[in-house]
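Listed below are the residues making up each chain.
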Amino acid sequence: SSSAETMAAPQVPPPLPPLPLLPPPPPPPPPPPPPKQQPQQQQKSNATQKPIKRMAGGKVWVDSTLQEWPDNDFRIFVGNLSNDITDERLQEHFAQYASLAKVKVVRNHKDESKGFGFCSFLEPLDCAKAIREKDQSWLSSRPIRVKRSDWKDRNIGGSGGGGKGRKGKNKKHSKSRY
């Protein structure tokens, strides 16, 4: 009979003690400060640089547009551009290169394309790869011409690095107009 009593009344474990109260979670961290804008800082540093004098076609002038470009970049000339090519289209064509910094289609005073432009790279390998891979590639309706830019060769007074200039040319093989 005692075994019948144990079957009828199952044993219930004693109740668990209540959980202790936890302190409230700490407040979230403050938002990070806004990122510093590199282009504005770069423009400020370029604004303090002395103006860049250029020479081409027997004329000398101060070229303020060169201050928009990154310092110590690797620049290429892109020629044979059709008239419908914009800075944005040129940027898209070279976007696969990670260090692409700036592109510019050169335009006349009527805002018409002059048929050429420039691309600036921060890494020399990207620049070399772009020349090798994009020369004679099609952009819009034309095969474009891509080569190393000689813009530094046209600077006067040592600003811009000089490039190869006339010193490295072999006089025996250079073409003379006279």
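You'll find the structure just up there.
Caption draft 1: Local environment of the nonpolar core. Ranked by internal contacts, the top residues of the largest apolar core, which has 17 residues, are Ile76, Val78, Leu81, Leu90, Phe94, Cys119 and Phe121. Elements that contribute at least two residues to this core include exactly β3 (74–79), β4 (100–107), β5 (113–121) and α4 (124–134). With 3 residues, β4 is the largest single contributor of residues to this core. Discounting chain neighbours no more than four positions away, the residues touching Val78 are Leu90, Phe94, Gly115, Phe116, Gly117, Cys119, Ile144, Arg145 and Val146. If you look at the next biggest cluster of nonpolar residues, it comprises 5 residues, including Ile52, Leu66, Trp69 and Phe118.

Caption draft 2: Molecular detail of the pattern of salt bridges. Applying the stated criterion to the full structure yields 4 salt bridges. With a shortest N-O distance of 2.7 Å, Arg145 and Asp135 are connected by a salt bridge. Separated by 10 residues along the polypeptide, Arg145 in strand β8 (residues 145–148) and Asp135 in the loop between α4 and β6 (138–139) bring together distant segments of the chain.

Caption draft 3: Highlighting the pairing of β5. Among the 9 residues that make up β5, 7 are buried, leaving the element largely enclosed by the rest of the structure. Here β3 pairs with β5 via 6 bridges, running antiparallel. Bridge pairing in β5 places Arg75 opposite Ser120. Where β4 lies against β5, 6 bridges are found, and the strand directions are antiparallel. Its bridge partner lying in β5, Arg107 is registered against Ser113. Here β4 hands over to β5 after 5 residues, with Asp111 in that stretch at a positive phi of 65°.

Caption draft 4: Representation of the layout of surface pockets within the structure. By volume, the largest pocket is sized at about 710 Å³. Lining the largest pocket are 24 residues, with Arg54, Asp63, Val106, Phe116 and Phe118 sitting closest to its centre. Elements supplying a minimum of two residues to the lining of the largest pocket: β1 (53–56), β3, β4, β5 and β8. If one sorts the elements of the lining of the largest pocket by residue count, β4 sits on top with 5 residues. Split into classes, the residues belonging to the lining of the largest pocket amount to 10 nonpolar, 2 polar and 12 charged.

Caption draft 5: Region of interest: the environment of Lys129. Note on placement: Lys129 falls in helix α4. Overall, Lys129 belongs to the partly exposed group, its relative accessible area being 37%. Each C-alpha atom of the pair Lys129 and Tyr97 lies 8.5 Å from the other, and the pair is 32 residues apart in sequence.

Here is what the cut-offs are and how they apply
- Residues numbered from 1 in each chain as written.
- Predicted model: local features only at pLDDT ≥ 70, side-chain atom pairs only at ≥ 80, totals over all residues.
- Heavy atoms only, no water.
- Core = buried A, V, L, I, M, F, W, Y, C linked by side-chain atoms within 4.5 Å.
- Buried < 20%, exposed > 50% of the residue type's maximum accessible area, 1.4 Å probe, protein only.
- Helix = DSSP H or I, 4+ residues; strand = E, 2+ residues; numbered from the N terminus.
- Contact = heavy atoms within 4.5 Å.
- Salt bridge = Lys/Arg side-chain N within 4 Å of Asp/Glu carboxyl O.
- Pairing = 2+ DSSP bridges.
- 1 Å grid on protein atoms, 1.4 Å probe; cavity = no way out; pocket = protein on both sides within 12 Å on 5 of 7 lines; lining within 4 Å.
- Points joined across faces, edges and corners; volume = space filled by probe spheres on them.
- Nonpolar A, V, L, I, M, F, W, Y, C, P; charged D, E, K, R; others polar.

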